[in-house]
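Structure at a glance
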Amino acid sequence: MASEERRAWIMAVVSVCAYGTYVAIILGRAGGTSITEVPYAAALLWSIGGAIAATIVLDIALSAVFRRGAGMKDQRDREIWRYGHFTGQWCLVLGGLAALWMALAEADYFWIANVIYLAFVLSSVLGSALKIVAYRRGLPAW
């Protein structure tokens, strides 16, 4: 497995786990109250920070274990990265537009923050999934 494909797997798994943990914490805190009343900021920031730290630690650990080809990129790796990254960014663009619309509609900060976070997660997962598929099946023919 190429080091870039391994990074895509790490990013996808960590993103899903971090977001799932965040949602579980928020829903657990909600109980019988309105979800917009739940203190979410600390959980959101810890979730994002934990995901970043976990991605870095896992990448370093797995690069130390699987040293063959670590850090080496060829033209195919760069093309796959570009394909996954730029295609995944559409989720972020749409999430940003949704957050902008929600801000203009004066929605609660809770919903705006969570739409932005969800957009980041979807962008990461979609980009990683496309990279993994491209490594396994090749880039799509244009």
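Procedures and definitions
- Residues numbered from 1 in each chain as written.
- Predicted model: local features only at pLDDT ≥ 70, side-chain atom pairs only at ≥ 80, totals over all residues.
- Heavy atoms only, no water.
- Helix = DSSP H or I, 4+ residues; strand = E, 2+ residues; numbered from the N terminus.
- Buried < 20%, exposed > 50% of the residue type's maximum accessible area, 1.4 Å probe, protein only.
- Contact = heavy atoms within 4.5 Å.
- Areas by Shrake-Rupley, 256 points an atom, 1.4 Å probe, with all protein chains shown as cover.
- Lys, Arg positive; Asp, Glu negative; His and termini not counted.
- Charge placed at Lys NZ, Arg CZ, Asp CG, Glu CD.
- UniProt positions renumbered as here; feature names shortened; annotations may be inferred.

A tally of regular secondary structure across the chain gives 4 helices and 0 strands. Projected onto its principal axes, the C-alpha coordinates of the chain cover approximately 50 × 35 × 20 Å. With 142 residues in all, the chain has 31% of them scored as buried. In the chain, the share of contacts with a sequence separation of at least 24, taken over all contacts with a separation of at least 6, comes to 80%. With an accessible surface of roughly 9100 Å², the chain has 71% of that area assigned to carbon and sulfur atoms. Charge-centre separation for the chain: the mean point of 12 positive side chains lies 12 Å from the mean point of 9 negative side chains.

Here the focus is the UniProt feature "transmembrane region" (unreviewed entry) in the chain. UniProt tags residues 7-28, 40-62, 83-103 and 109-130 as "transmembrane region" (unreviewed entry). Segment residues 40-62 splits into 96% helix and 0% strand. End C-alpha atoms: 32 Å apart.

For the rest of this paragraph, the subject is unusual backbone geometry. The backbone phi angle of Glu 106 is positive, close to 60 degrees, even though this residue is not glycine. In this fold, Glu 106 is placed in the loop between helix H3 (75-104) and helix H4 (109-137).

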